[in-house]
Amino acid sequence: MDNSFRFKQFSLRNGSSGLKLGTDAVLLGSYVSLPAPSGERLRILDIGTGTGIIALMIAQRMSGLRPLPDAGIGIVGIDIDSHAEAEENFRNSPWAEMLEYRNVSLAAYMDSDPGKFDLIVSNPPYFDNSLECPDPARCAARHTDSLSYREVITFANDFLAPDGRLAVVLPKAEEVRLCRFASSFGLFPVRMLNVRTVERKAPMRLVAEFSFKRGKTVNETLTIMENGEYTPEYKSLTGDFYLNF
């Protein structure tokens, strides 16, 4: 059985990783603000990278910005799951030279003192610990006892550059707790994308972007489907990636 998934500019192996490819990751990879190329090396971290989809989407977007010749871009994907397929997917991508995979927990990576990042992204777990998951690998990838947005924010407090951005995707129901916890570290929401599957339903997902600089929050709403078809807004957001858009 072929467990690969093709995008316009790259393909993913998606067979053994505990966290499978899904809409949440594509939303985050498409929406997140990218650091502007400059004469300094840009550093980006994808926490809980899994298949590497978010890191690869960012690499594709960064490659289109035509950075200055002396401006290197380094994108690191870390994952505690030894079955994560990011390493293979990074190696087989057009941007292998800017991508690095590390099989390591966030706590161990923090202890290694990796330095500051211009952008930190994560699609962290959101299964409640009281719920059971039939797939042990997916359960480990999705339960908050293996990685939580609190750990991601705590990490960002020490390793996000002063002008950097932190972006996560979570259920909309977590918004108040997420923002309250982030603000306790001096991280403030700058962009919030509220995502609903269809127009008649309330938003179920939130793509949230934070900065150490307090300012006006840009709030947006995206509807994925309308009358059984993908909306023009969703196609516009993800159109550089999906083959059928």
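One can find the structure itself at the top, above this paragraph.
Please read all numbers here as calculations on a predicted model, not as lab measurements.

Asker: Could you clarify how one ought to interpret the overall build of the protein chain in this entry?
Answerer: Scanning the protein chain from terminus to terminus reveals eight helices and eleven strands. Counting across all 245 residues of the protein chain, residues that qualify as buried make up 47%. Counting only contacts in the protein chain whose residues sit at least 6 apart along the sequence, the fraction spanning at least 24 positions is 74%. Split by element, the accessible area of the protein chain, about 11,900 Å² in all, is 49% carbon and sulfur.

Asker: Help me understand the pattern of salt bridges in this model?
Answerer: Charged atoms that come close allow side chains of opposite charge to pair. Applying the stated criterion across every chain, the model contains six salt bridges. In this structure, the salt-bridge partner of Lys 213 is Asp 163, at a minimum N-O distance of 2.7 Å. Highlighted residues: Lys 213 in the loop between strand 9 (205-211) and strand 10 (218-226) and Asp 163 in strand 7 (residues 160-171), separated in sequence by 50 residues. For Asp 163, a relative accessible area of 60% corresponds to the exposed category. With its nearest N and O atoms 3.2 Å apart, the salt bridge here joins Arg 191 to Glu 209. Here the residue Arg 191 occupies a position in strand 8 (residues 188-198), and Glu 209 occupies one in strand 9, the gap between them amounting to 18 residues. As far as the burial class goes, Arg 191 and Glu 209 line up, both buried. Through salt bridges with shared partners, a single network forms among Arg 165, Arg 191 and Glu 209.

Asker: Explain the pairing of strand 6 (residues 117-122) here, please?
Answerer: Two faces belong to every sheet, and in a regular strand the side chains alternate between them. With five of its six residues buried, strand 6 lies for the most part within the structure. Note that strand 3 (residues 42-47) and strand 6 share four bridges and pair parallel. Each residue of the ladder has a partner; that of Leu 45, found in strand 6, is Ile 120. Across five bridges, the pairing between strand 6 and strand 7 is parallel. What sits directly across from Ser 122, in strand 7, is Val 168.

Asker: Mind showing me how you'd approach helix 7 (residues 175-183) here?
Answerer: Note that an α-helix has 3.6 residues per turn; residues three or four places apart therefore point the same way. Those residues of helix 7 that sit buried are Leu 178, Cys 179 and Ala 182. The buried residues of helix 7 all sit within an arc of 90° when viewed along its axis, so they share a single face. Across from the buried face of helix 7, at angles greater than 90 degrees, the exposed residues are Val 176 and Arg 180. For helix 7, the secondary structure elements touched by its buried residues are helix 6 (149-159), strand 7, strand 8 and strand 9.

Asker: Explain the sheet that holds strand 3 to me, please; I cannot follow it from the model alone.
Answerer: The mixed open sheet is built from nine strands, whose spatial order is 5-4-3-6-7-9-8-10-11. The outermost strands of the open sheet, each flanked by one partner alone, are strand 5 (99-103) and strand 11 (229-230). Examined bridge by bridge, strand 10 and strand 11 share two bridges and lie antiparallel to one another. Looking at strand 11, one finds that Glu 226 is bridged to Glu 229. On the sheet, helix 2 (residues 53-63) packs against strand 3, strand 4 (73-79), strand 5 and strand 6 and is oriented at approximately 155° with respect to strand 3. Against the sheet, helix 7 contacts strand 7, strand 8 and strand 9, and its axis sits at roughly 10° relative to strand 9.

Asker: Help me understand the packing of helix 6 against helix 7 in this model?
Answerer: Axes are the key here: two packed helices are described by the angle between their axes and the distance separating the axes. Axis separation between helix 6 and helix 7 bottoms out at 10 Å; the angle between their running directions is 25°. It follows that helix 6 is roughly parallel to helix 7 by the angle criterion. In terms of crossing hand, the pair formed by helix 6 and helix 7 is right-handed. Taking contact as the criterion, the partners of Tyr 149, Arg 150, Ile 153 and Thr 154 in helix 6 are, on helix 7, Arg 177, Leu 178, Phe 181 and Ala 182. Partitioning the contact of helix 6 with helix 7 into residue classes produces five nonpolar, one polar and two charged.

Asker: What exactly am I supposed to notice about the nonpolar core here?
Answerer: A general tendency of soluble globular proteins is for nonpolar side chains to be buried together. Core analysis: the largest hydrophobic core is formed by 40 residues, its most contacted members being Phe 10, Leu 28, Ile 53, Ile 58, Ile 75, Leu 99 and Val 121. Examining the composition of this core, we find that eight residues originate from one element, helix 2, more than from any other. Each residue touching Ile 75, except ones within four places of it in the same chain, is listed here: Ile 44, Ala 55, Ile 58, Ala 59, Met 98, Leu 99 and Glu 100. Grouped together as the second largest cluster of nonpolar side chains are 28 residues, Leu 147, Phe 155, Leu 160 and Met 192 included.

Asker: Any chance you could explain helix 2 here in plain terms?
Answerer: Where burial is concerned, most of helix 2 is hidden: nine out of the eleven residues are buried. Taken together, the buried positions of helix 2 are occupied by Ile 53, Ile 54, Ala 55, Leu 56, Met 57, Ile 58, Ala 59, Gln 60 and Met 62.

Analysis parameters
- Residues numbered from 1 in each chain as written.
- Predicted model: local features only at pLDDT ≥ 70, side-chain atom pairs only at ≥ 80, totals over all residues.
- Heavy atoms only, no water.
- Helix = DSSP H or I, 4+ residues; strand = E, 2+ residues; numbered from the N terminus.
- Buried < 20%, exposed > 50% of the residue type's maximum accessible area, 1.4 Å probe, protein only.
- Contact = heavy atoms within 4.5 Å.
- Areas by Shrake-Rupley, 256 points an atom, 1.4 Å probe, with all protein chains shown as cover.
- Salt bridge = Lys/Arg side-chain N within 4 Å of Asp/Glu carboxyl O.
- Pairing = 2+ DSSP bridges.
- Arc of directions from axis to C-beta.
- Axes fitted to C-alpha atoms, helices over the stretch in contact; angles between N-to-C directions.
- Parallel < 35°, antiparallel > 145°, perpendicular 65-115°, else oblique.
- Left-handed = near helix turned anticlockwise from the far one by under 90°.
- Nonpolar A, V, L, I, M, F, W, Y, C, P; charged D, E, K, R; others polar.
- Core = buried A, V, L, I, M, F, W, Y, C linked by side-chain atoms within 4.5 Å.

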